[in-house]
Amino acid sequence: LSPDVQQADLIIAVGFKATELAASQSSIPVLAVMIPKTGYEEALAKNSPKNSNRKISAIYLDQPWDRQIDFWRAVLPDRLRIGLLHSSDTHLDVALLRQVVAQRGGSLAAQAVHSSAELFTALESVLSNSDVLLAIPDSSIYSSSNIRNILLTSYRHGAPLIGLSPAYVNAGALCAIFSTPEQLAVQASATVISFARTGQLPGPQYPDTYTIAVNQQVARSLGVKLPSQEAIRGLMDTTGGRDR
Amino acid sequence: MKQYSIRQHVALLTLTPLLFLAVSLETFFLRDRFSALDIELTERGRLIAQQLALGSEYGVFSDNRIFLQNIAQGALQQTDVQGVIVLDASSGILVDAGKFFGVQQDASAGADAAMLGANQTRSARVGKLKELVNLRMPVYRSSEALLIYHPIVPAQVVLEELESRTEIRQIGAVIVEMSSARTGQLKSQMFWLTVGSTLLFLIFPFCLIYLASRNIISPIHKLRDAMLALGEGKLETRVSISAHVKELEVLAYGMNEMAEKLQQESVTLHQRMEDAVRIAALAFESHEGMMIVDADRLIMRVNKAFTRITGYTEEDVVGQSPHMLSSGYHDAGFYASMWDSINATGLWQGEIWNRRKTGEAYPAWANITAVEREGGEVACYVASYTDITLRKAAENEIKDMAFNDELTRLPNRRMLIDRLNQTMAACKRSGRYGALLFIDLDNFKPLNDQYGHEVGDLLLIEVANRLISCVREVDTVARFGGDEFVVMLKELDADKGASIAQAEIIAEKIRAILAEPYTLALCKDGHAITTVTHQCTSSIGVQLFVGHEASANEIIKQADLAMYQAKKDGRNLVRFYG
């Protein structure tokens, strides 16, 4: 780290690598942004033994599970079987998730992928038991290289993909719920101001605000009738209002 | 050194650079086009491979063989594509389609053993093919085919701006085999088309050169023909050419001028030659016999006078050796010296005895001249002959008149003296005696007076004949005029007495024979009219000689004195001098 950074009061680390670096190279308080929850926890796990009480927090990139479930219910009320792929080393509480989904009247087919060679088989297996695929921030599965093939396979199975960013939607996902950098920046700046006042960092938090994107073309191709964005938001607010 | 015609030179000079240019351009063009064709084939193959790689991505990802097979078949529809192989990440063959070069096509993948064998060969072959190309060497070119390798990599769809750039993993590869057959055919077509058009292009300048060179060559041929004609002596030859080439026209003008001059000079020369020939012919036909003998000494020509003299016509002698004319009177030495003279001085003249066709020998005055060419080589010999038979006869007659008695044909006094001198010299050498008998008829004058000179002459002739009959051939009987005769005896004996005895015997014999009666026919107008019988004795004086103790005249005088002694003693007697 540069001397300038060493004298700072707070490091805002953008992304996984920056977070990892800041956490390992200094004892300055760190606010990690634009980092998935799993990534943050991974970076944290690496440094936790020596700095258990250090000041470090995050604003996650990914959306809380509840919000995603709400979004699923609002967009695809008829598709109840959710498919989920995850790397074998991803820290994901599949059982909890399955329970949450079940509470909302759906089912979850999850499959761990051990290597990229198994991806297609796993995908086939998951898709044969589901009618919507839910993407998670898992870079070894949802990579630039794989996304096209995943989309094609899901399309072949008639199962739409719920993505994690506008890039997913552009690539062929049916829809995505995410927070834009602007939204995240607003939240981060609020946290910074709070830190400046109190010298305290809040605990890790999910984004406060979100954005919805849909791909009407994919919807038409898959024969899905999508509600308007306003309707979706409305539905989410009514169903998931209690989480807010 | 090999020679070329002008046309060949012109063609060489013009066509060679043209040909060189054409071949160079053609080579450049063809190389350019061929490499362009090769590049085009490669590029197309690469594009097809790229498209195929893109299209195969999902098939490889999903291991969907049917899907890949369809894509491969689609690629095979492309021109020149004859084989497609799709490999997975570990270079395992997912799909191979098409007809690879050197691999049998197994359209209906039968289950029988033979087909299984074929399949094995095919997969082995395909397995080898895939070894030929890889990511680092994506193009393999053989003479018949082109192998193009293209990796299959997942199409990248960026999901997160902050996503770490992980390396792009290759998930497979496609290998496309492009056949060079069509390209080869195109090349071949292009080659022949270019060669054909080049030839067509060359025909034009060739025709142009042909026509242009004809403009030069036909006048040159005319000039050449004219020159040859002039060379053959056809001096009336003129050449007219309508050449566009200035030099040739000048040349033709020059040649015509030359021919004109030659012709004029030829006419003059001919006239002179004719004159010379005419003169020579006239000179040749002189009254002298002329013979021309060539350098090999064979007769070339003779004139009419020759024929008149020898009796041989020109046909008889031409090509023969002059030896045929020889009389045989002369020995080899004579002819050798004759030729020596000709060779040394170029000339010989002298008397020569030749023989006529009739076989008669005759004397001729010959004049032989060697005619030499410039440089001294003998061209021929000219011999002229004058028949000197008549002259010779006249000469002999004159000689005869000088030395012989006209009436009796006996040697006269002069000749006797001459012979006496010779005999005296011979006697001196041999040591043997000779004798001179002086004979005078005793009563000759009365006969002459009674019957005339004709009868007297007859008697004298008879006396001469009787005298000749009495002596040897070596002896001489001479008449001294009137009725005086002298007989000279040669080579009597070495002993004087014996010689006197022999001379006396002969003298007595003469005296006796002369004393016999003479029957003389008196002729008038060629007819015997009267016959006269006459008797006439003789007085004989003898003197012997053996050397030059006395002169011939003295010996004659002494014999004469002895004869007068005989007359004085009573006539019809023989008396020795001294």
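Attention here is on the structure that accompanies the text. No experiment lies behind these values; they were computed from the predicted model shown.

**Section: the overall build of chain A**
Broken down by element type, chain A carries 11 helices and nine strands. When the 244 residues of chain A are sorted by exposure, 50% land in the buried category. Residue pairs in contact within chain A that sit at least 24 positions apart in sequence constitute 68% of those at least 6 positions apart.

**A closer look at the pattern of salt bridges**
Residues and elements named next belong to chain B. Applying the stated rule across the entire model yields 29 salt bridges over all chains. Glu-232 serves as the salt-bridge partner of Lys-234, at 3.5 Å between the closest nitrogen and oxygen. A relative accessible area of 42% means that Lys-234 is categorised as partly exposed. Between Asp-405 and Arg-479 there is a salt bridge, with its nearest N and O atoms 2.9 Å apart. Here Asp-405, found in the loop between helix H9 (389-403) and helix H10 (413-430), pairs with Arg-479, found in strand E12 (residues 476-481); they are 74 residues apart in sequence, far enough to count as distant. Of the two residues examined, Asp-405 and Arg-479, each falls in the buried class.

**Observations regarding the sheet that holds strand E1 (residues 81-88) of chain B**
All names here are of chain B. With antiparallel pairing, the five strands of this open sheet are ordered in space as E2-E1-E5-E4-E3. Strand pairing shows two members of the sheet lacking a second neighbour, strand E2 (93-98) and strand E3 (139-141), which therefore form its edges. Within this sheet the neighbouring strands show an average axis-to-axis angle of 10 degrees, counted without direction. The sheet contact formed by strand E4 (residues 145-152) and strand E5 (residues 172-179) spans eight bridges and is antiparallel. Looking at the pairing, Tyr-149 lines up with Ile-175 of E5. Across the face of the sheet, helix H2 (residues 65-76) comes into contact with E1 and E2 while running at roughly 35 degrees to E2.

**Looking at the interface of chain A and chain B**
Taken together, the contact pairs 24 residues of chain A with 16 residues of chain B. The largest contributions to the chain A side of the interface with chain B come from Ser-144, Arg-148 and Asn-149 of chain A, which together make up 32% of the buried area. Where chain A touches chain B, the interface holds one salt bridge. Residue Glu-57 of chain B pairs with Arg-148 of chain A through a salt bridge whose shortest N-O separation is 2.9 Å. Our enumeration of links across chain A and chain B arrives at seven residue pairs in polar contact (both at pLDDT 80 or more). For the side of chain A that touches chain B, the elements supplying multiple residues, two or more each, are helix H2 (15-25), helix H6 (119-127), helix H7 (147-156) and helix H8 (166-171) of chain A. Considering only residue class, the side of chain A that touches chain B consists of 13 nonpolar, eight polar and three charged.

**Digging into a nonpolar patch on the surface**
Residue and element names in this part refer to chain B. Nonpolar side chains collect at one region of the surface, where Met-227, Met-258 and Leu-262 lie side by side and expose about 250 Å² of accessible area between them. Relative to the helices and strands, Leu-262 resides in helix H5 (residues 246-284). Taking relative accessible area as the criterion, Leu-262 reaches 36% and is therefore assigned partly exposed.

**Comments concerning helix H14 (residues 552-568) of chain B**
Residue and element names in this part refer to chain B. End to end, H14 covers 24 Å across 17 residues, agreeing with the expected 24 Å (1.5 Å per residue, within 8%). Residues of H14 that are buried include every one of Ala-552, Ile-555, Ile-556, Gln-558, Ala-559, Ala-562, Met-563, Ala-566 and Lys-567, and no others. Against H10, strand E11 (434-441), E12, strand E16 (538-545) and strand E17 (574-576) lie the buried residues of H14. Positive phi shows up at Gly-570, right after H14, with a value of about 125 degrees.

**Focus: the pairing of strand E2 (residues 30-35) of chain A**
The side chains of a regular strand alternate between both faces of the sheet. All names here are of chain A. With five of its six residues buried, E2 lies for the most part within the structure. Pairing of strand E1 (residues 11-14) with E2 involves four bridges; the strand directions are parallel. Bridge assignment links Ile-12 to a residue of E2, and that residue is Leu-31. For the crossover that starts at E1, traverses H2 and ends in the parallel E2, the hand is right-handed.

**Considering the packing of aromatic side chains**
Applying the stated rule across the entire model yields 11 aromatic pairs over all chains. Relative to Trp-353 of chain B, the ring of Tyr-329 of chain B lies with its centre 5.3 Å away and its plane at 40 degrees, an arrangement referred to as tilted. Highlighted residues: Tyr-329 of chain B in the loop between helix H7 (314-317) and helix H8 (332-345) and Trp-353 of chain B in strand E8 (residues 347-355), separated in sequence by 24 residues. Exposure remark for Trp-353 of chain B: the relative accessible area of 26% places this residue in the partly exposed category. Here the aromatic rings of Trp-339 of chain B and Tyr-381 of chain B are separated by 5.2 Å at their centres, their planes lie at 75 degrees, and the arrangement is edge-to-face. Note that Trp-339 of chain B is positioned in helix H8 and Tyr-381 of chain B in strand E10 (residues 378-387), a separation of 42 residues in sequence. By relative accessible area, Tyr-381 of chain B is classed as buried at 6%. Among the aromatic residues, ring-to-ring pairing joins Tyr-40, Tyr-60 and Tyr-206 of chain A into one connected group. We note Arg-356 of chain B situated over the ring of Tyr-362 of chain B; from NZ or CZ to the ring centre the distance is 4.2 Å. It is Arg-466 of chain B that lies over the ring of Tyr-518 of chain B; its NZ or CZ is 3.7 Å from the centre.

**Digging into the packing of H2 of chain A against helix H3 (residues 37-47) of chain A**
In a packed pair of helices, the relevant descriptors are the angle between the two axes and the axis-to-axis distance. Residues and elements named next belong to chain A. At a minimum axis separation of 9 Å, H2 and H3 run at an interaxial angle of 20 degrees. When the axes of H2 and H3 are compared, the pair comes out roughly parallel. The hand of the H2/H3 crossing is right-handed. Contact with H2, carried on its side by Phe-16, Thr-19, Glu-20, Ala-23 and Ser-24, involves Gly-39, Tyr-40, Glu-42, Ala-43, Lys-46 and Asn-47 of H3 and no other residues of that element. Of the residues that constitute the contact of H2 with H3, the class distribution is four nonpolar, four polar and three charged.

**What to know about unusual backbone geometry**
Residue and element names in this part refer to chain B. At Asp-80, a residue that is not glycine, the phi angle is positive and equals roughly 75 degrees. By the element assignment, Asp-80 lies in the loop between H2 and E1. Its identity as a non-glycine residue notwithstanding, Asn-572 has a phi of 50 degrees, on the positive side. Mapping Asn-572 onto the fold places it in the loop between H14 and E17.

So, how was this worked out
Numbers given to residues run from 1 along each chain, matching the order in which its sequence is written. Each chain takes a letter, starting from A, and each ligand takes a number, starting from 1, following the order in which they are written. Totals for whole chains, interfaces and linings use every residue, but because this is a predicted model, local features are given only for residues with pLDDT of at least 70 and side-chain atom pairs only at 80 or more, for both listing and counting. The basis for the side-chain values is all heavy atoms of the structure; hydrogens and waters are excluded. Secondary structure follows DSSP: runs of H or I at least 4 residues long count as helices, runs of E at least 2 residues long count as strands, and numbering of each begins at the N terminus. Relative accessibility under 20% of the residue-type maximum defines a buried residue, over 50% an exposed one, and the middle range a partly exposed one, all with a 1.4 Å probe and only protein chains included. A contact between two residues is defined here by any heavy atoms of the two lying within 4.5 Å. Salt bridge, as used here: a side-chain nitrogen of Lys or Arg that lies within 4 Å of a carboxyl oxygen of Asp or Glu. For two strands to count as paired, DSSP must find a minimum of two bridges between them. Under this scheme, a helix contributes an axis fitted over its contacting stretch, all axes are lines through C-alpha atoms, and angles between N-to-C directions fall in the 0 to 180 degree range. When two components associate, each loses some accessible surface as probed by a 1.4 Å sphere; the sum of these losses over both components is called the buried area. Identification of polar contacts relies on pairs of N or O atoms within 3.5 Å, with a donor-acceptor requirement for protein atoms, meaning one able to donate a hydrogen and the other able to accept it, and with residues adjacent in sequence counted only if both atoms are side-chain atoms. When residue character is reported, Ala, Val, Leu, Ile, Met, Phe, Trp, Tyr, Cys and Pro are called nonpolar, Asp, Glu, Lys and Arg charged, and the others, Gly included, polar. To count toward a patch, a residue needs a relative accessible area over 30% and no salt bridge; like charges are then connected within 9 Å, while nonpolar side chains (Val, Leu, Ile, Met, Phe, Trp, Tyr) are connected within 5 Å. Only the protein chains shown count as cover for residues, and the accessible areas themselves come from Shrake-Rupley with a 1.4 Å probe. Residue count minus one, scaled by 1.5 Å, sets the expected span of a helix. Call a crossover right-handed when, viewed with both strands pointing away from you, the route from the first strand across the helix to the second goes clockwise. Side-chain rings of Phe, Tyr and Trp, where Trp is taken by its six-membered ring, are said to pair if the distance between their centres is within 6.5 Å; with planes under 30 degrees apart they count as stacked, over 60 as edge-to-face, and otherwise as tilted. Definition used: whenever NZ (Lys) or CZ (Arg) falls within 6 Å of the ring centre and also within 35 degrees of the ring normal, the charge is taken to sit over that ring. Any angle that is under 35 degrees is reported as roughly parallel, and any over 145 degrees as roughly antiparallel; angles of 65 to 115 degrees are reported as roughly perpendicular and all others as oblique. Left-handed describes a crossing whose near helix is turned anticlockwise from the far helix by less than a right angle; the clockwise case is right-handed.

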